[in-house]
Amino acid sequence: MSTLDEISSEINKAGSIVILTHRDPDGDAIGTALALYNALKDQGRNVEVIIPEYSRVFDEVPGIDEVLKEGSQEEYDLAISVDAATIKMLNGWATYFENAKKTIVIDHHSSNTMFGDINYVDPISPAAAQVLYGIMRALDWNITEEIGTDLMTGIITDTGGFQYSGVSQETFEIAADLMKLGVNVAKIYKKVLATHSITSFKLKVIAQDRLEFLEDGKIAFTYITNADEKKVNAETGDYEGIVNEGRNIEGVEVSIFLHEIEEGYKASLRSNNYVNVSEVCAAFGGGGHIRAAGATIEGEPEEIKEKIVAEVKKQLK
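We now turn to the structure provided with this report. (Residues numbered from 1 in each chain as written. Predicted model: local features only at pLDDT ≥ 70, side-chain atom pairs only at ≥ 80, totals over all residues. Heavy atoms only, no water.)

### Some remarks on the pattern of salt bridges
Turning to step 1, where the next piece is worked out: Enumeration according to the criterion identifies 15 salt bridges in this entry.
Turning to step 2, where the next piece is worked out: A salt bridge links glutamate 10 to lysine 13, with the shortest nitrogen-to-oxygen separation between them at 3.2 Å. Placement of both glutamate 10 and lysine 13 in helix α1 (residues 3–13) is noted, with a separation of three residues, approximately one turn of the helix.
Turning to step 3, where the next piece is worked out: The partner of lysine 191 in a salt bridge is aspartate 59, and the shortest N-O contact between them spans 3.3 Å. Taken together, the positions of lysine 191 in helix α7 (residues 185–192) and aspartate 59 in the loop between β2 (47–50) and β3 (78–82) put the pair 132 residues apart, joining distant regions of the chain.
Turning to step 4, where the next piece is worked out: The exposure class of lysine 191 is partly exposed, given its relative accessible area of 24%.
Turning to step 5, where the next piece is worked out: Where salt bridges share partners, they join Asp59, Glu60 and Lys191 into one cluster. (Salt bridge = Lys/Arg side-chain N within 4 Å of Asp/Glu carboxyl O. Helix = DSSP H or I, 4+ residues; strand = E, 2+ residues; numbered from the N terminus. Buried < 20%, exposed > 50% of the residue type's maximum accessible area, 1.4 Å probe, protein only.)

Written as structure tokens, this is what we have:
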């Protein structure tokens, strides 16, 4: 039995299904989770999707008004994780995954630890939403305009609006297919990538004021603290995209952005041409993609900066 057949079989057998994704979900996590949720709901499945917190940038994504902060039961027949490389990334909601009778992982991170009973991981794909699209077409599931909008939200977010190196001919073919269903690419792009709240703008200004360049301008570094967020009354996800400010500066190979969380700081790294930031983050227990990765690190910003820079320098030319 192929992996796709196994996925279909477990979904058909399950009397209860829960969909989970990683903490601080981006558009790919939310879009993929909701596309799967809406597809299974349309099939008459007993399914729930748990996303405790998300940015209001995604408040128009189809199905977002049906997400739950916690599940209605402790044990599900089937738990499906999307866009998470490790079970640790599911954070406080990993219990639902661990307690489920059967588990499936759908992802596109090369650092995925294959933590499910069934793992469908395509590290070549630029977005988990693109992986899910392939599954849906292979299993002959119906893709409505709403499901297509969910999928496109994921693809647009994780490809930076089709600008990153992982974008392939297939990505554009999928976009064309979804547009035939009535999906409005321009509207999604504007909402999830080109529209910013006043508080997110204020956070970006603080981060830009702190931005420093290291190693002859090849590394850009900045950070945001909890105090900064309180100062501007920031909402969930207002720090999204700040890491790209450094990467987009001429001469920068690696951009490092720290965002304070309860466990310390979430480090987000982006590279332009040759540094494998997934390897850098792996040194701190994290991971991700070659050009985009992250890790959670304890300590103060200056201390963390020194540690990360030391790892990045090993690959700098």
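### Regarding helix α2 (residues 27–42)
Turning to step 1, where the next piece is worked out: With 16 residues, α2 should cover 22 Å at 1.5 Å per step; its first-to-last C-alpha distance of 22 Å lies within 8% of that length.
Turning to step 2, where the next piece is worked out: The buried fraction of α2 is high, at 14 of 16 residues.
Turning to step 3, where the next piece is worked out: One or two steps after α2, the chain reaches glycine 44, where phi turns positive at roughly 85°. (Expected span 1.5 Å × (residues − 1).)

### Thoughts on the packing of helix α4 (residues 128–138) against helix α5 (residues 145–158)
Turning to step 1, where the next piece is worked out: Running from amino to carboxyl end, α4 crosses α5 at an angle of 145°, the nearest separation of the two axes being 8 Å. Across the interface between the two elements, Ala129, Gln130, Leu132, Tyr133 and Met136 of α4 pack against Ile147, Leu151, Gly154 and Ile155 of α5.
Turning to step 2, where the next piece is worked out: Split into classes, the residues belonging to the contact of α4 with α5 amount to seven nonpolar, two polar and no charged. (Axes fitted to C-alpha atoms, helices over the stretch in contact; angles between N-to-C directions. Contact = heavy atoms within 4.5 Å. Nonpolar A, V, L, I, M, F, W, Y, C, P; charged D, E, K, R; others polar.)

### Some points on the nonpolar core
Turning to step 1, where the next piece is worked out: Core analysis: the largest hydrophobic core is formed by 49 residues, its most contacted members being Leu40, Ile80, Met136 and Leu151.
Turning to step 2, where the next piece is worked out: With eight residues, the top contributor of residues to this core is α2.
Turning to step 3, where the next piece is worked out: For methionine 136, the contacting residues outside a window of four places in its chain are Ala35, Leu36, Ala39, Trp141, Ile143, Ile147 and Leu151.
Turning to step 4, where the next piece is worked out: Judged by nonpolar contacts, the second largest core, of 22 residues, contains Val275, Cys281, Ala293 and Ile308. (Core = buried A, V, L, I, M, F, W, Y, C linked by side-chain atoms within 4.5 Å.)

### Regarding the environment of lysine 69
Turning to step 1, where the next piece is worked out: Looking at the element boundaries, lysine 69 is found in the loop between β2 and β3.
Turning to step 2, where the next piece is worked out: What makes lysine 69 exposed here is its relative accessible area of 60%.
Turning to step 3, where the next piece is worked out: Taking the C-alpha atoms as reference points, lysine 69 and valine 49, 20 residues apart in sequence, are found 8.7 Å from one another.
Turning to step 4, where the next piece is worked out: When near neighbours in sequence (up to four residues on either side) are disregarded, lysine 69 contacts Ile50, Pro52 and Trp93.
Turning to step 5, where the next piece is worked out: From its side chain, lysine 69 meets the backbone oxygen of proline 52 in a polar contact 2.9 Å long. (Polar contact = N/O pair within 3.5 Å; in protein donor to acceptor, adjacent residues only side chain to side chain.)

### Quick notes on the pairing of strand β9 (residues 264–271)
Taken residue by residue, a regular strand's side chains alternate between the two faces of the sheet.
Turning to step 1, where the next piece is worked out: Among the eight residues that make up β9, six are buried, leaving the element largely enclosed by the rest of the structure.
Turning to step 2, where the next piece is worked out: The pairing of strand β8 (residues 254–261) with β9 spans eight bridges and is classified as antiparallel. Looking at β9, one finds that isoleucine 256 is bridged to leucine 269.
Turning to step 3, where the next piece is worked out: Remark: two residues form the turn of the hairpin made by β8 and β9, two consecutive strands paired antiparallel.
Turning to step 4, where the next piece is worked out: Here six bridges tie β9 to strand β11 (residues 292–297), and the two strands are oriented antiparallel to one another. (Pairing = 2+ DSSP bridges.)

### Focus on the sheet that holds strand β6 (residues 212–214)
Turning to step 1, where the next piece is worked out: The six strands are arranged β6-β7-β8-β9-β11-β10 in an open sheet whose pairing can be described as mixed. The strands lining the two open edges of the sheet, one partner per strand, are β6 and β10 (287–288).
Turning to step 2, where the next piece is worked out: Sheet analysis places strand β7 (residues 219–224) next to β8, joined by six bridges and oriented parallel. Looking at β8, one finds that isoleucine 224 is bridged to histidine 259.
Turning to step 3, where the next piece is worked out: Strands in contact with helix α8 (residues 198–210) are β6 and β7; relative to β7, the strand with the most contacts, it is inclined by about 135°.
Turning to step 4, where the next piece is worked out: On top of the sheet, helix α12 (residues 301–313) reaches β6, β7, β8, β9 and β11; it is set at about 145° to β8, its chief contact.

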